[in-house]
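What the coordinates show
What follows is each chain in one-letter form.
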Amino acid sequence: MKSFGDFPLSEEILNSLDKIGFVKPTPIQVAAIPLLLKGQDVIARAETGSGKTAAFAIPLVEHLGKNKKAKALVLAPTRELAQQIEGFFNQLLPQEGPHTVVGIYGGVDIRKQFKKLQRPYSIIVATPGRLIDHLRRNTLQVSKCQFVVIDEGDRMLDMGFGPQLKEIQKGLPKTRLTSFFTATWEKSVTRLAQSYLRQPKTVYLTKPSSTVSTITQSVLSVNKEDKEDILMDELNRRQGSILVFVKTKHETHNLFKHLKEFGFQVEEIHGDCTQGQRNKAMAQFKSEQVKILCATDVAARGLDIQSVQHVINFDLPVNSEDYLHRIGRTGRNGAKGESVTFVTREEYGKWNRIANKFKLEMLGASEGKK
Ligand code: AMP
């Protein structure tokens, strides 16, 4: 597959893709787009940065183009991801066409959303919690959504959205085209996918828990009390944007303040930030006005930032899947990236379990004991 022109897509979409600058489809797009165009339910195991948004958005817009009255629902776990998806649809939808997109997520005044919902819309991009708010208030219906996408299904379950997804499902039409995207594949994810999809075709593009090959990953053994100093050395010697992962909201904020005091241009993003603060942090980081963003795992999930060259794991991730998601913020779409993980002696065992899984450098267990 050399170009998007090889898919049976309308002129309008090909023009939009041209404007966006997408020339060649990524592997997940090559696998999923033809199936979805044919009306086949799809489960796609796609790693972060694989181009999964376009993989579901392109066929969805193509289907809508054939039916002026059709509606679609895209569910995403976080508001940041929902905003990114909404933005992509806005780029993709033909400007003069009848279809429009509406974003329904928390952190935005619900009354403003009531207003938005009074205008016609055909694609709803929503987080489950806020969507249910609207469904219960009867300010929005999903019964006419013939096209449904569940993005980051595994993360939805991790974040406790299982019950909400069940409730939403009850309101959807029985006959519909559904696609389900997930980075990991556990029993609970399979069950959720099976309940939503009909005779789906599965496309696997990643080996289970593999890491992205364009990323150079390293590990630093550090003393707990030296972590801030070592971080500042790392920040000083790196060119380009840097995402720093911290364990908790509180510690993220403290590290942000500490770096600011030392004159670094830095922003923070975590669950205690208001939507306004998050948007500002993201805008400044994306436009490279600030080079450093301190973040927790949940806040960083699904962020699409083109230009992250470095990921620094200031604190170890809780598990290997989070490790994969963190480093997946860099090296996107084949770009080169670097990651470094700080590990204290007490954490050697925990690190080695991650390192073993991804064939990374192990740290000497015997040195671990003081
Ligand atoms: P996603 O996995 O959807 O978050 O996409 C990761 C990044 O790849 C985004 O910045 C997209 O804009 C970009 N992208 C997706 N598909 C393509 C493509 N076919 N050509 C170039 N860039 C792409």
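The numbers attached to residues start from 1 for each chain and follow its sequence in the written order. pLDDT decides what is reported in this predicted model: residues at 70 or higher carry local features, side-chain atom pairs at 80 or more are listed and counted, and totals for whole chains, interfaces and linings draw on all residues regardless. No hydrogens and no water enter the side-chain calculation; it runs on all heavy atoms of the structure.

What to know about the overall build of the chain
Secondary structure elements are defined from DSSP: runs of H or I of at least 4 residues count as helices, runs of E of at least 2 residues count as strands, and each element is numbered from the N terminus. A count of helical and extended segments in the chain gives 15 helices and 13 strands. What you see for the chain is a C-alpha radius of gyration of 21 Å, in line with the 21 Å of a compact globule of 370 residues. Over its C-alpha atoms, taken along the principal directions, the chain stretches across nearly 65 × 40 × 40 Å. Exposure categories follow from relative accessible area, calculated using a 1.4 Å probe and restricted to protein chains: below 20% of the type maximum is buried, above 50% is exposed, and the middle band is partly exposed. Across the 370 residues in the chain, those meeting the buried criterion constitute 54%. The long-range share in the chain, meaning contacts at least 24 apart out of those at least 6 apart in sequence, stands at 71%. Total accessible area on the chain stands at roughly 17,400 Å², and carbon and sulfur atoms take up 49% of it. Two things to know: the radius of gyration comes from C-alpha atoms, and the globule rule equals 2.2 Å times the number of residues to the power 0.38. Contacts: residue pairs with any heavy atoms within 4.5 Å of one another. Computed by Shrake-Rupley with a 1.4 Å probe, the accessible areas treat only the displayed protein chains as cover when residues are assessed.

Quick word on the sheet that holds strand 11 (residues 292-295)
Here a strand pair is declared whenever DSSP counts at least two bridges between the two strands. Here we have 6 strands laid out as an open sheet, ordered 8-13-12-9-11-10, and parallel in their pairing. Strands at the two margins of the open sheet, each flanked by one partner only, are strand 8 (215-222) and strand 10 (266-269). The sheet shows a mean angle of 20° between the axes of neighbouring strands, direction not considered. As paired elements, strand 8 and strand 13 (residues 337-344) share 8 bridges and run parallel to each other. If you follow Ser221 over to strand 13, its bridge partner there is Val343. A fitted line through C-alpha atoms serves as each axis, taken over the contacting stretch for helices, and the angle formed by two N-to-C directions is quoted from 0 to 180°. Contacts from helix 12 (residues 275-286) reach strand 9 (241-245), strand 10, strand 11 and strand 12 (308-313), with the element oriented near 135° to strand 10.

Topic: helix 10 (residues 227-237)
Turning to helix 10, its buried residues number three or more, namely Lys227, Leu231, Met232, Glu234 and Leu235. Seen along its axis, helix 10 keeps its buried residues to an arc of 160°; they face one direction. Set apart from the buried face of helix 10 by more than 90 degrees, the exposed residues are Asp233, Asn236 and Arg237. In this structure, the buried residues of helix 10 make contact with strand 8, strand 9, helix 11 (249-261), strand 11, strand 12 and strand 13. Note that the arc is computed from the directions linking the helix axis to the C-beta atoms.

Structural notes on the domain arrangement of the chain
Residue ranges labeled as domains rest on an automatic or database domain assignment. Looking at the chain, the domain boundaries give domain 1 (4-204) and domain 2 (215-358). On a C-alpha basis, the centres of domain 1 and domain 2 stand 28 Å from each other. A combined buried area of about 1,500 Å² lies between domain 1 and domain 2, and 45% of that area is made up of carbon and sulfur atoms. Throughout this description, the term salt bridge denotes a Lys or Arg side-chain nitrogen within 4 Å of a carboxyl oxygen of Asp or Glu. Here domain 1 and domain 2 share 2 salt bridges between them. Across the salt bridge formed by Asp322 and Arg155, the nearest N and O atoms sit 3.1 Å from each other. Any N or O atom pair separated by 3.5 Å or less is treated as a polar contact, with the protein-specific requirement of one donor-capable and one acceptor-capable atom, and with residues adjacent in sequence counted only for side-chain atom pairs. Between domain 1 and domain 2 we count 3 residue pairs in polar contact (both at pLDDT 80 or more) in total. Mapped by element, the contributors of at least two residues to the side of domain 1 that touches domain 2 are helix 4 (79-92) and helix 7 (153-158). Considering each element in turn, the side of domain 1 that touches domain 2 owes the most residues, 5 residues, to helix 4. Taken together, the residues of the side of domain 1 that touches domain 2 sort by class into 3 nonpolar, 9 polar and 5 charged. Buried area is understood as the total, over both parts, of accessible area removed when two parts are fitted together, assessed with a 1.4 Å probe. Classes in brief: Ala, Val, Leu, Ile, Met, Phe, Trp, Tyr, Cys and Pro nonpolar; Asp, Glu, Lys and Arg charged; the others, Gly included, polar.

Topic: the packing of aromatic side chains
Any Phe, Tyr or Trp ring, taking Trp's six-membered ring, that has another such ring centre within 6.5 Å forms a pair; planes under 30 degrees apart are called stacked, those over 60 apart edge-to-face, and the others tilted. Summed over the entire model, instances satisfying the criterion amount to 5 aromatic pairs. A ring pair is formed by Phe4 and Phe7, whose centres lie 6.0 Å apart and whose planes are at 50°; its orientation type is tilted. Residue classification places Phe4 among the buried positions, given a relative accessible area of 3%. A centroid spacing of 5.8 Å and a plane angle of 25° characterise the contact between Phe22 and Phe88, whose relative ring orientation is stacked. Within this pair, whereas Phe22 is found in the loop between helix 1 (11-20) and helix 2 (27-37), its partner Phe88 is found in helix 4, the two being separated by 66 residues in sequence. A cation sits over an aromatic face here: Lys71 above Tyr121, 5.0 Å from the ring centre. Above the face of the Phe314 ring, Lys227 is positioned so that its terminal group lies 4.9 Å from the ring centre. Placement of a positive charge over a ring is assigned whenever Lys NZ or Arg CZ falls within 6 Å of the ring centre and within 35 degrees of the normal to the ring plane.

Regarding the packing of helix 2 against helix 3 (residues 52-66)
Where helix 2 meets helix 3, the closest approach of the two axes is 9 Å, and the angle between their N-to-C directions is 25°. Looking at the two axes, helix 2 sits roughly parallel to helix 3. Helix-helix and strand crossings are classified by hand; for helix 2 and helix 3 the assignment is right-handed. Listed contacts from helix 3 to Ile28, Gln29, Ala32, Ile33, Leu36 and Leu37 of helix 2 are Lys52, Ala54, Ala55, Phe56, Ile58, Pro59, Glu62 and His63. Roughly parallel covers angles under 35 degrees, roughly antiparallel covers those over 145, roughly perpendicular covers 65 to 115, and oblique covers all other angles. The sense of a crossing depends on the near helix, which, turned anticlockwise from the far helix by less than a right angle, makes the crossing left-handed and, turned clockwise, makes it right-handed.

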